[in-house]
Structures are given as C-alpha cells and as structure tokens.
Amino acid sequence: MNLIPVFDPADPCISAFRDVKERDLTGRQGLFVAEGEVVLRGLVSAASRCSPVAVLIAEKRLEALRDALEQLPEDVPVHTAPQAVLDAIAGFHLHRGILALGRKPEPLGLEAWLDGLPERAVVVGACGIGNHDNMGGLFRNAAAFGAAGLLLDETCCDPFYRKAIRVSVGAVLRTPFVEGVTAAAMVDALEARGFEVLALTPSAAGTLAELKPARRTAILLGSEGPGLSPEVIARCRPLAIRMSGGFDSLNVATTSAVALHHLTTAQAL
C-alpha cells in the first residue's frame, strides 16, 4: 500500500476530500466520492466499472480494511488520519471513517450498449428521477435482480452523487447505464431491438401480476407524483401494481423491486 499519514486538515495532498458536502453540490469534473466500507470494497473489486484515485481513512480502520486496500494499484495513495483530523477534512463527523475518490467510467452510447445485450435481458428506464435515495435504490434493485442495466433520461439526477452511491451499496459502480437520453429515444431504441417496453402507472387497466414477460423486456419508471407523461405511456404497454387500503402507488424504488422480481423470476420459468 502507498500509505501517507495526514495530521493537518489543511494538507494540500488531501484537498480533493475537503468540504465533502459542499463539493457534492458543485461536482468533481469526472470524479466522485464514495463513502463506507461496502462501497470501498465495491470500488476495488474486479466488477467495478470505475477506477480508484485515492483513499482517506481513519487510522483505526486501517487493519480491518487492509485486504481491500492491498488490491489498489501501487500509485493510488491511501491517506490515514486520526478521526478528529478526518472530520475536519470532510467538514462533518465521518462515523464510517472511510472516503474514497474514484473516476467515473467512460459514458456508454445508447445504441451501442443495447446492441451488445444478450437475447434474454431486462432493462430499467428511469424518467425524471431527481431524488438521490430513489436513484440509489433503482441501481441496487437492478443489480440485485440481474437487470442488464439502466437508461436515465436527461432530467435524472447524477447516480454518482455520494448519497446515491451509498444507498445503492455500491451498485452504481458496477451496473452499466446510459444517461442523457429522452424517453422517446429510449422507446425507439428498445423497440428497434425487440424489447417489449412496459410503463408502470397506477392508472393502467392491465396488471404486472398478469404479465408473462417477453425474452427482452424494459420497464419505464417515472418520478413520484407526476409519473410518466401520457405521451410516453401511450407508446408503451401500461401496467399497474394493484394495492389495497386506498393506495394507488409505491415509492419508485420499491416499485422497481416488485417489477424486477416479477420480470426476472417469471422469465426464468
């Protein structure tokens, strides 16, 4: 390991980790900050699509993380600091004691990525997802149920926001996704490659429970409240998840879990 002790919060070698919350809002020009042990292990794993740039950890966490840190390339610095110094650098109490700086992967192109998918695949399309907890949940569920990846429209929030990565338990770092495409472009590209495109909406007459999934299926999910636009729904096969107790909708991340479980388990039969 390339260990570098840090005792001064003003040390210029850890400038990229300083004032984490404020930097979250302004962006890091192709880099991102990952927080916590699970996410760090995901970043250094062979499955990660991202590359580690630097690590900053509390001194007391070093031995417990040695096996993961030894997987880092030799040129990646591992800065260690007392907890008080670490908190001063981050700008808040970092009770997990672990921060890592990573580099985002090269963006994927919509058509090229879809062309490389297998004959049996499930894809998640997200439209207008602006909440980072929900974004992280979508990635976690997509990874957990074996979706091929996600398509994010141009109004979605950044999945590499620190909280989104944390909520995804690192799934953002290894799950393929294409961002910045319109919902119409999603539908066009998916249909051209033999996908049945489903729109999850409470107003649909058909239900998810009745669906026998096609070999290639995509589910489109909208933001909580507005949901998918009528124009998008009209181009897809609309489906609802029936509920009791006067409820007509679920949190979008929960909806994705229910839908993906049905699609991937029913497909396997």
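The following refers to the structure shown. (Residues numbered from 1 in each chain as written. Predicted model: local features only at pLDDT ≥ 70, side-chain atom pairs only at ≥ 80, totals over all residues. Heavy atoms only, no water.)

A word on the state of the cysteines
What makes a disulfide is a covalent bond joining the sulfur atoms belonging to two cysteines.
So, step 1. Going through the model one piece at a time under the given rule, you end up with zero disulfides.
So, step 2. Looking at Cys 127, it has no disulfide partner, and the nearest cysteine sulfur is the one in Cys 156, 6.6 Å off.
So, step 3. In this model Cys 157 remains outside any disulfide bridge; the closest cysteine sulfur is found in Cys 156, 6.6 Å from its own.
So, step 4. Relative accessible area serves as the criterion here: at 11%, Cys 157 is assigned to the buried category. (Disulfide = S-S within 2.5 Å. Buried < 20%, exposed > 50% of the residue type's maximum accessible area, 1.4 Å probe, protein only.)

Overview of unusual backbone geometry
So, step 1. Not every positive phi belongs to a glycine, and Asp 19 is a case in point at roughly 55 degrees.
So, step 2. Mapped onto the elements, Asp 19 comes out in the loop between β1 (2-5) and α1 (20-26).
So, step 3. Notably, Val 169 is not glycine yet its phi reads approximately 45 degrees, a positive angle.
So, step 4. Among the structural elements, Val 169 can be located in the loop between α7 (162-167) and β8 (177-181).
So, step 5. For Val 169, a relative accessible area of 37% gives the class partly exposed. (Helix = DSSP H or I, 4+ residues; strand = E, 2+ residues; numbered from the N terminus.)

Let's talk about the sheet that holds strand β5 (residues 98-103)
So, step 1. Spatially, the five strands line up as an open sheet ordered β1-β4-β3-β5-β2, and their pairing is mixed. Edge positions in the sheet fall to β1 and β2 (31-35), since each has one partner strand and no second. Adjacent strand axes in the sheet meet at a mean angle of 20 degrees, parallel and antiparallel pairs treated alike.
So, step 2. With four bridges joining them, strand β3 (residues 51-58) and strand β4 (residues 77-81) adopt parallel strand pairing. Directly across from Val 55, in β4, lies its bridge partner Val 78.
So, step 3. Lying over the sheet, helix α2 (residues 37-44) contacts β2, β3 and β5, oriented at roughly 30 degrees with respect to β5.
So, step 4. Against the sheet, helix α4 (residues 83-90) engages β3, β4 and β5, with an angle of about 130 degrees to β3. (Pairing = 2+ DSSP bridges. Axes fitted to C-alpha atoms, helices over the stretch in contact; angles between N-to-C directions. Contact = heavy atoms within 4.5 Å.)

Some thoughts on the side chain of Ser 223
So, step 1. Of note, Ser 223 is situated in the loop between β10 (216-222) and α9 (230-234).
So, step 2. Once residues lying within four places of it in the same chain are set aside, the contact partners of Ser 223 are Cys 127, Gly 128 and Ile 129.

Notes on the sheet that holds strand β6 (residues 121-127)
So, step 1. The strand order across the open sheet formed by six strands is β8-β7-β6-β10-β9-β11, and the pairing between neighbours is parallel. Of all strands in the sheet, those with a lone pairing partner are β8 and β11 (237-239), marking the two edges. Averaged over all adjacent pairs, the angle separating strand axes in this sheet is 25 degrees, with direction ignored.
So, step 2. Pairing of strand β7 (residues 149-153) with β8 involves four bridges; the strand directions are parallel. Looking across to β8, one finds that Leu 150 is bridged to Phe 177.
So, step 3. Together, β6, β7, β8 and β10 form the strand contacts of helix α6 (residues 132-144), whose direction differs from that of β7 by roughly 155 degrees.

Observations regarding the nonpolar core
So, step 1. In this structure, Leu 69 and Ile 219 are the most contacted members of the largest nonpolar core, which totals 49 residues.
So, step 2. In contact with Leu 69, other than residues within four places in its own chain, are Met 1, Leu 40, Val 55, Ile 57, Leu 62 and Val 78.
So, step 3. If you look at the next biggest cluster of nonpolar residues, it comprises 24 residues, including Leu 117, Val 178, Ala 189 and Leu 228. (Core = buried A, V, L, I, M, F, W, Y, C linked by side-chain atoms within 4.5 Å.)

Digging into the pairing of β2
So, step 1. In terms of burial, β2 is largely enclosed, as five of its five residues are buried.
So, step 2. By the alternation rule, side chains of β2 split into Leu 31, Val 33 and Glu 35 and Phe 32 and Ala 34, which are all buried.
So, step 3. Across five bridges, the pairing between β2 and β5 is antiparallel. By the bridge assignment, Ala 34 is partnered in β5 with Ala 100.

The analysis is restricted to geometry; functional conclusions fall outside its scope.
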